[in-house]
Amino acid sequence: MDNCFHCGDPCVDQTIKHDDKSFCCNGCQLVYEILNENDLGNYYSLDSNPGISPKFSRDKFNFLENEDIVAKLLEFNENDVQVVQLSIPSIHCSSCIWVLENLQRIHKGVKSSQVDFPKKQVRVTFNSNELNLKDLAVLLGTIGYEPYISLEDYDDKEKKPDRSLIYKLGVAGFAFGNVMFLSFPEYFEVEEFWLEQFKGLFRWMMFLFSLPVVFYAGFDYIKSAYKGITSGILNIDIPIALGIIVLFVRSTIEIVFDLGTGFLDSLTGLVFFLLLGRFFQQRTYAYLSFDRDFKSYFPIAVTKLNKNGAQITEEQLPIYKVEKGDRLLIRSGEILPVDAVLWSDKASMDYSFVTGESDHITKGFGEVLFAGGRQQSGAIEVEAIKNVEQSYLTSLWSNDVFKKKRHSSFQTLVDRISKRFTITIISIAVLGALAWLFINPLTAINVFTAVLIVACPCAIALSTPFTMGNMLRIYGNMGFYLKESVIIERMSQIDTIVFDKTGTITTSSSAQIEYQGEPLNQQQEVNLASTLRGSNHPLSRALYQELKKNDILPALDDFQEVPGKGLISRLDKEVIKVGSPSFTAAQSACDGQEETAVHVNYNEHYKGKYVFKNKYRTGIEELFKRLEDHYQLHVISGDNDGERAHLEKLLPSQVSLNFNQQPEQKLEYIKNLQSQGCKVMMVGDGLNDAGALAQADVGVSIAENVNVFTPACDGIMDAGILNQMDDVITLSRKAVNIITWCFVLSLFYNFIGITIALSGKLMPVMAAILMPVSSLSVVFFTTIMTNLLGRKWNKKTL
């Protein structure tokens, strides 16, 4: 009987031949044709028979024609772009991930798709003019990935946890305990009349206890091994399944023919300890795949407006504390952290953070704004209509559009080891058993089974994700939030650090500001404050804090922020320009003067400037001295070189200082360093550094009570720990060393375990105990070592 080329199931009812391949139904043939027509034939090269037979009714998705239901399911719906997250229960292998993340090649209406493998979910961004939600569900069902859609899942109801593993563990534990109890007379060879009389009964009772263990608790191993073999893949469950089958068959023969008690104690113990190890591993992966919580890690705030009678005060509020009904101020360049209603006259939102496209959408008073949009023109007031959904914001930051296509060398190594592990272990087990057949045939079966069971690549596979997972937590507690764990490995390899100046190594919170020029009347100062209110540039924020009074600021008629140059606003008949000398026509007034200043122009008439005496962050001088022996250091700034003399005194002589750098020049500067073979970390404030942060091997955005960062950055660092950047990088290198030692520990365990198993002195049940112990030892080692790193850092900061 032929097996289906697509899904691997036997062709029982019919066999359809197409392209010299066999298919069990028209659905599998259709999926094969769709994939090949869209150049997705590689789907079958990742795994053999990776598909799911697409047997479903298209009519079951008719309820998705109801607009109210669709509105509930969509996460984002703006300007013909819709985003939905769907549960796909049939996701099971790398081929599934590959085809689901290439949906745009099957249907042009799909813009992007991102798979969350542990949760078996896919987030799809699509064009509603070319593809509606029902068509998307049908498309997924057609290729064998029918989505499970239940409105209960979207009503904030608690989902029922999957307890099947716990039930199986309970059954195996109960059977193991009873089989061990019934085996005591055999162990101690007690010659007692009644025990001798009931020995046969005890053996059959042990056999009955073993049945649910083999055909329920441990059957997943057998099923997984069968699927692997029929698909031509040697997975890690094959040696385990062989061990279970060999023990059960041998024990059954001995009991049926009254030759002995068999190995049912080893069998039940084997399954129990395997399931115990799997339970532990499941809990470990659940810990590693948690939704990274902004409350613990994300050092970003949003401005909340509090009304007290006629007065309005501003409060910096962590985004996780935003609640429904809060009135928020969103400045130019800030990202809206929550769905909200617009209270200002208009807003211009850039949703590239959500969709990957930079189309600006204009909204008017009373319209709904979706979370994830970046305000583009001045400050707006909004009212939150939902609480902040932290996992949604995290998923936006992790969008593939902003990911750097660089992979972990450790994970590549683990993949290579895992692919060769099974065939190597089976070969060793067979050769060992053949050798023992000539020495002691009874021992051969124990050797064969013990080798298959004791060898375990789980410890190797766990070392990288668990170490990196712990490091993400430690970094988070420090105030350093990373997008993904592979960044830690990249950070350990850097040899060059480029710092932005303004807002990064300087702080605007305590800068001294002095006005020079024609005096401004009270109304002009109020209008200037209203203009500055819409900007998030560090100098704008500092000057706004200096000028703002309790007065109610007027709403601007127009606002524009020109990156690297300044601000321009219109209010009634007044045109206000704030920014650089060239932008405000102040060049002639500043000839020969090099200083950090914000210049003001009213109605094309230059008024004057606010001169800033920059205050550098505490500990910056010492930080650069500690870094200079290990890294190339660069400082780049869009300001003039008025601070050069001061920086040359403050920083080591080897530091390269570069001024008057526009955003595109910063990007080229990073590219030039990389062309010289440098591994570059860029540290900036996320405003005029977006291109440079994206280009760098590691891009770190500094946050100081502002809701501004670029989605292309790899990490967000609380400004308070910038002076400990050397410790942050050192921790990444020590984490890499821990992983290396975990690999050594894992390989040492496997060598010792297999050696003892081949000697014939290791019973299968002991092998089953040692198998989870290997994973425990690696997890214990990496937990202890990473926690020690965290404690050392904490003691250093006290």
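Residues numbered from 1 in each chain as written. Predicted model: local features only at pLDDT ≥ 70, side-chain atom pairs only at ≥ 80, totals over all residues. Heavy atoms only, no water.

### Focus on the overall build of the chain
Reasoning step 1: Across its full length, the chain holds 27 helices and 28 strands.
Reasoning step 2: Burial status across the chain gives 53% buried among its 798 residues.
Reasoning step 3: Considering only contacts within the chain whose residues lie at least 6 apart along the sequence, 67% involve residues at least 24 apart. (Helix = DSSP H or I, 4+ residues; strand = E, 2+ residues; numbered from the N terminus. Buried < 20%, exposed > 50% of the residue type's maximum accessible area, 1.4 Å probe, protein only. Contact = heavy atoms within 4.5 Å.)

### Let's talk about the side chain of R123
Reasoning step 1: Mapped onto the fold, R123 is located in strand β6 (residues 121-127).
Reasoning step 2: A distance of 2.9 Å separates the side chain of R123 from the side chain of Q85, its partner in a polar contact. (Polar contact = N/O pair within 3.5 Å; in protein donor to acceptor, adjacent residues only side chain to side chain.)

### So, the nonpolar core
Reasoning step 1: Ranked by size, the top nonpolar core spans 51 residues in total, and within it I244, L264, L267, V271, L275 and I425 carry the most contacts.
Reasoning step 2: Elements represented by at least two residues in this core include exactly α6 (164-188), α8 (199-217), α9 (219-230), α10 (237-256), α11 (264-288), α15 (409-437), α16 (441-454) and α26 (725-758).
Reasoning step 3: Here I425 is in contact with V451, L452, A455 and I754, once residues within four sequence places are set aside.
Reasoning step 4: By size, the runner-up hydrophobic cluster in this structure holds 50 residues, among which are F480, I505, L633 and V635. (Core = buried A, V, L, I, M, F, W, Y, C linked by side-chain atoms within 4.5 Å.)

### Some words on the pattern of salt bridges
Reasoning step 1: For the coordinates displayed, the defined rule picks out 18 salt bridges.
Reasoning step 2: Its salt-bridge partner being R533, residue E381 comes within 3.8 Å of it at the nearest N-O pair. Of this pair, E381 sits in strand β15 (residues 380-384) while R533 sits in helix α20 (residues 522-533), and the two are 152 residues apart along the sequence.
Reasoning step 3: Given the relative accessible area of 13%, R533 is considered buried.
Reasoning step 4: D714 is the salt-bridge partner of R490, the closest N and O atoms lying 3.3 Å from each other. Remark: D714 occurs in the loop between β27 (698-703) and β28 (715-718) and R490 occurs in helix α18 (residues 486-491); sequence separation between them is 224 residues. (Salt bridge = Lys/Arg side-chain N within 4 Å of Asp/Glu carboxyl O.)

### Focus: α10
Every α-helix carries 3.6 residues per turn, so stepping three or four residues along brings you back to the same face.
Reasoning step 1: The terminal C-alpha atoms of α10 lie 28 Å apart, and with 20 residues this matches the ideal 28 Å at 1.5 Å per residue to within 8%.
Reasoning step 2: Where α10 ends, the next residue or the one after it, D258, has phi of about 55 degrees, a positive value. (Expected span 1.5 Å × (residues − 1).)

### Structural notes on the sheet that holds strand β3 (residues 74-78)
Reasoning step 1: One open sheet holds the four strands; their spatial order is β3-β4-β6-β5, and the pairing between them is antiparallel. With one partner strand each, in any of the chains shown, β3 and β5 (110-116) form the two edges of the open sheet. If you compare each strand with its neighbour and ignore which way they point, the axes differ by 15 degrees on average.
Reasoning step 2: In terms of strand pairing, β3 meets strand β4 (residues 81-87) through four bridges, oriented antiparallel. From the neighbouring strand, F76 faces β4, where its bridge partner is V83.
Reasoning step 3: Contacts from helix α5 (residues 133-142) reach β4, β5 and β6, with the element oriented near 40 degrees to β4. (Pairing = 2+ DSSP bridges. Axes fitted to C-alpha atoms, helices over the stretch in contact; angles between N-to-C directions.)

### Examining the sheet that holds strand β11 (residues 346-350)
Reasoning step 1: If you walk across this open sheet you meet the three strands as β12-β11-β14, and the pairing is antiparallel. Each edge of the open sheet is held by one strand with a lone partner, namely β12 (360-364) and β14 (374-375).

### A look at the confidence of the model for the chain
Reasoning step 1: The share of residues in the chain with pLDDT of 70 or more is 75%, and the mean pLDDT across the chain is 77.
Reasoning step 2: Within the model, the stretch residues 153-159 combines pLDDT values under 50 with eight contacts to residues more than four positions away or in other chains.
Reasoning step 3: Scored below 50 in pLDDT, residues 287-299 makes 41 contacts in the model with residues more than four places away or belonging to other chains. (pLDDT = per-residue confidence, 0-100.)

### Structural notes on a nonpolar patch on the surface
Reasoning step 1: A cluster of nonpolar side chains, W204, I245, V249, I253, V256, F257 and L259, forms an exposed patch at the surface whose accessible area comes to about 690 Å².
Reasoning step 2: Along the chain, the position of W204 falls in helix α8. (Patch = residues over 30% accessible without salt bridge, like charges linked within 9 Å, V, L, I, M, F, W, Y side chains within 5 Å. Areas by Shrake-Rupley, 256 points an atom, 1.4 Å probe, with all protein chains shown as cover.)

### As for α8
Reasoning step 1: In a regular helix each residue adds 1.5 Å, so 19 residues correspond to 27 Å; α8 covers 26 Å between its end C-alpha atoms and thus fits that length.
Reasoning step 2: Its axis deflected by about 25 degrees at S210, α8 carries its strongest bend there, up to four residues before the proline P212.
Reasoning step 3: R203, M206, F207, F209, S210, V213, V214 and A217 are the residues of α8 that are buried. (Bend = angle between axes of the 7 residues up to and from the residue.)

### Notes on the environment of L758
Reasoning step 1: With respect to the secondary-structure elements, L758 resides in helix α26.
Reasoning step 2: When the C-alpha positions of L758 and N446 are compared, they lie 9.1 Å apart, and in sequence the two are 312 residues distant.

### Digging into the pairing of β15
Reasoning step 1: Residue alternation in β15 divides its side chains into a buried set, I380, V382 and A384, and an unburied set, E381 and E383.
Reasoning step 2: Relative to β15, strand β10 (residues 340-342) runs antiparallel, the two sharing three bridges. What sits directly across from V341, in β15, is E383.

### A word on unusual backbone geometry
Excluding glycine, residues mostly have negative phi values, and the peptide bonds linking residues are mostly trans.
Reasoning step 1: Positive phi values are uncommon outside glycine, yet D572 reaches one of about 55 degrees.
Reasoning step 2: Tracing the sequence through the fold places D572 in the loop between β20 (566-571) and β21 (574-579).
Reasoning step 3: The class of D572 is exposed, set by a relative accessible area of 69%.
Reasoning step 4: A positive phi angle, near 55 degrees, is found at N660, a position not held by glycine.
Reasoning step 5: Residue position: N660 is located in the loop between β25 (656-658) and α24 (663-675).
Reasoning step 6: We classify N660 as partly exposed; its relative accessible area is 43%.

### What about the packing of α8 against α10?
Reasoning step 1: Packing of α8 against α10 brings their axes to within 11 Å, and their N-to-C directions diverge by 155 degrees. On the basis of the axis angle, α8 is roughly antiparallel to α10. α10 is crossed by α8, and the crossing has left-handed handedness. Touching R203, W204, F207, S210, L211, V214 and F215 of α8 are I244, F248, T252, I255 and V256, all from α10.
Reasoning step 2: Class assignment of the residues belonging to the contact of α8 with α10 gives a composition of nine nonpolar, two polar and one charged. (Parallel < 35°, antiparallel > 145°, perpendicular 65-115°, else oblique. Left-handed = near helix turned anticlockwise from the far one by under 90°. Nonpolar A, V, L, I, M, F, W, Y, C, P; charged D, E, K, R; others polar.)

### Some details on the packing of α20 against helix α21 (residues 538-547)
Reasoning step 1: The contact between α20 and α21 brings their axes to 9 Å, and the two run at 145 degrees. For α20 against α21, the interelement crossing comes out left-handed. On the side of α20, the interface is formed by L528, A529, L532 and R533, while α21 contributes S540, L543, Y544 and L547.
Reasoning step 2: The residue inventory of the contact of α20 with α21, partitioned by class, reads six nonpolar, one polar and one charged.

### A short note on the packing of aromatic side chains
Reasoning step 1: Under the definition given, this model contains 10 aromatic pairs.
Reasoning step 2: Ring centres of Y475 and F480 lie 5.3 Å apart, and the angle between their planes is 85 degrees; on these two criteria the pair is classed as edge-to-face. For the pair shown, Y475 and F480 are each scored as buried.
Reasoning step 3: Three or more aromatic residues joined by ring pairs form one cluster here, namely W204, F207, F215 and F248.
Reasoning step 4: Seen from the ring of Y216, K168 lies directly overhead, with NZ or CZ sitting 5.8 Å from the centre.
Reasoning step 5: One cation-aromatic arrangement involves K577 over F583; the distance from NZ or CZ to the ring centre is 5.9 Å. (Phe/Tyr/Trp six-rings, centres within 6.5 Å; stacked < 30°, edge-to-face > 60°. Lys NZ or Arg CZ within 6 Å of the ring centre and 35° of its normal.)

### Notes on the environment of S427
Reasoning step 1: Mapped onto the elements of the fold, S427 is located in helix α15.
Reasoning step 2: Relative accessible area serves as the criterion here: at 36%, S427 is assigned to the partly exposed category.
Reasoning step 3: The spacing of S427 and L452 is 25 residues in sequence and 9.7 Å in space, taken between C-alpha atoms.

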